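Structural overview for review
Spelled out, the chains give:
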Amino acid sequence: YNMESLLRDKLNFKGKINFYRHHLCHVASAYFPSGFKEALCVSLDGVGEYETGIFVGAKKGELKVLSSENVYPNSLGLVYSAITYYLGWKHHCDEGIIMGLAPYGNSENKVPGTKKTYKSIFKQIIKEKGDFKYEVNPVYMDYYNQRDKWVSDHFIKIFGKKRKYNEKIKQKHKDIAAALQERLEHVVLKQLRKAKKKFGYKNLCLAGGVSLNCSMNGKILKNKIFNKIFVTPASGDDGCAIGACYLAYKKNKKKLLPKKQHNFYLGSRYTNVKIKKIIQANNLKYQKPNNIYRTIAEFLADGKIVAWFQDGAEFGPRALGNRSILCRPYPKTMKDYLNARVKFREEFRPFAPAVLEKFQTDYFDIDQITPHMLIASKVKKSKKNIIPAVVHVDETCRVQTVNSKLNNKFNKLLEAFYDLTNIPVLLNTSFNVKGQPIVNTPEQAIKTFKNTNIDVLVIDNYIFKKK
């Protein structure tokens, strides 16, 4: 029972169905909205069909595959998933947690009972072959052989038993995460340098699940391999849907040129009439102040936790100021306060800063906009103690730059907070609790507000406060 039959049965569709290559869909999802006429496009993930990544040259709307030699089971994404599982979290879900854990480790430490470093073993696990090829060593990985095993008996013999979710995180777990992250960065950056030299593209587009690794993306930008990079917000398989749309349009119309389209607030939105009906149905008391931005900025400056629900939902896994939980980025304990009251995440995981675009270079070591929170960069030393709640242990931040063109309401709120505090930064995290999807509807927003210790909920221009 294949996908075509399923579509025909469920949709009662009699027309022609076209199928598009998984990684080309990823590439298209990044290239066509990037605004770059020409770019090297790279897609890296677990696996799509049989491929685990491709390098594509994009010029004036045409895509040319430059390298597609990495095929299953040789996969950077699946190795990352395997280690995520081994370290006690959910594969294909919690890889970002491992990225957050990595800076706490040291890959140069020796693996107990051996004379080898974590770094040297991961060099054996992911081997570089030629310019753009890598091989995963079957001595260590077993995800292709037995369902839900992921790592081999040999891996367990060296590193010990798989960590259970509630078990204490030991130094070796941190060191494994560090070695994995460093190996990923080494392999990808080396290939990108070779691609730049061989093919000459000045700009880079990234897609595929591995491209959600903002630490890796930050290293790419910091090393100035390319002039500019664009990472599509829906880098995971959700982005394949829009990539397939681009490719289908191109096939039908014969011509499709890239056009800068960085507005990804394209999800469900609700009219004021609909919102008012939902509020009345829930019998909620609300305020509608003349200047909502000033009012909310005052709550934030006062240390309140604010849920902010506005306009269209974001496409991709990051809350970008329309389905967000916000608080001030100071003091350092604000992060733990938010975690203990609302988010319930692992204490080592960082929260991200949203910054007014015009102040980004004052606060962060980054020379391009990053409106989708997908590039980690160093915080300026002079600002580290001003926004400590959003600075990770390695002094990086997963920055979101905000301007009035992409998100006018969020921009106005940041400006109001800046006017009040002289700080153009807010802590921005997704409007959900751990293990739950980001809220999508006003009903979900109200339910989450009622069931958590969020102090203030804002839906459109309605404010709800806990007593």
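Whatever comes next refers back to the structure up there.
In this text the structure is predicted, and so the values were computed from the model without any measurement.

**Description of the state of the cysteines**
Under the counting rule described, the total for this entry stands at 0 disulfides. The cysteine C205 is free of any disulfide, with C41 supplying the nearest cysteine sulfur at 4.2 Å.

**A look at helix α3 (residues 76-86)**
For α3, the tally of buried residues reaches 10 of 11 residues, placing the bulk of the element in the interior. Looking at where α3 begins, the residue whose side-chain oxygen comes 3.3 Å from the main-chain nitrogen of G77 is S75. After α3 finishes, the residue G88 shows a positive phi value of roughly 105°.

**Quick look at the pattern of salt bridges**
Here the structure, examined in full by the defined rule, presents 20 salt bridges. K149 serves as the salt-bridge partner of D153, at 3.2 Å between the closest nitrogen and oxygen. Residue classification places D153 among the exposed residues on the basis of a relative accessible area of 54%. Across the salt bridge formed by D460 and K409, the nearest N and O atoms sit 3.3 Å from each other. One end of the pair, D460, is in the loop between β14 (456-459) and β15 (462-465); the other, K409, is in helix α14 (residues 408-421), and 51 residues separate them in sequence. A network of salt bridges, in which partner residues are shared, links E128, R183 and K190.

**Regarding a positive patch on the surface**
On the surface, K37, K59, K60, K64 and K255 cluster together to form a positively charged patch. With respect to the helices and strands, the residue K60 is situated in the loop between β2 (51-59) and β3 (62-67).

**Considerations on the sheet that holds strand β8 (residues 306-309)**
One key point about sheets: their strands pair by backbone hydrogen bonds, in either a parallel or an antiparallel sense. The mixed open sheet is built from 8 strands, whose spatial order is β11-β12-β10-β13-β9-β8-β14-β15. A strand with exactly one partner marks an edge of an open sheet, and here the two such strands are β11 (375-378) and β15. Ignoring strand direction, the axes of neighbouring strands in this sheet form an average angle of 35°. Relative to strand β9 (residues 323-327), β8 runs antiparallel, the two sharing 4 bridges. When the bridges of β9 are listed, F309 appears paired with R323. Packing of helix α8 (residues 214-222) onto the sheet brings it into contact with β11 and β12 (396-402), and relative to β11 it is tilted by some 60°.

Definitions and limits used
Residues numbered from 1 in each chain as written. Predicted model: local features only at pLDDT ≥ 70, side-chain atom pairs only at ≥ 80, totals over all residues. Heavy atoms only, no water. Disulfide = S-S within 2.5 Å. Buried < 20%, exposed > 50% of the residue type's maximum accessible area, 1.4 Å probe, protein only. Helix = DSSP H or I, 4+ residues; strand = E, 2+ residues; numbered from the N terminus. Polar contact = N/O pair within 3.5 Å; in protein donor to acceptor, adjacent residues only side chain to side chain. Salt bridge = Lys/Arg side-chain N within 4 Å of Asp/Glu carboxyl O. Patch = residues over 30% accessible without salt bridge, like charges linked within 9 Å, V, L, I, M, F, W, Y side chains within 5 Å. Areas by Shrake-Rupley, 256 points an atom, 1.4 Å probe, with all protein chains shown as cover. Lys, Arg positive; Asp, Glu negative; His and termini not counted. Charge placed at Lys NZ, Arg CZ, Asp CG, Glu CD. Pairing = 2+ DSSP bridges. Axes fitted to C-alpha atoms, helices over the stretch in contact; angles between N-to-C directions. Contact = heavy atoms within 4.5 Å.

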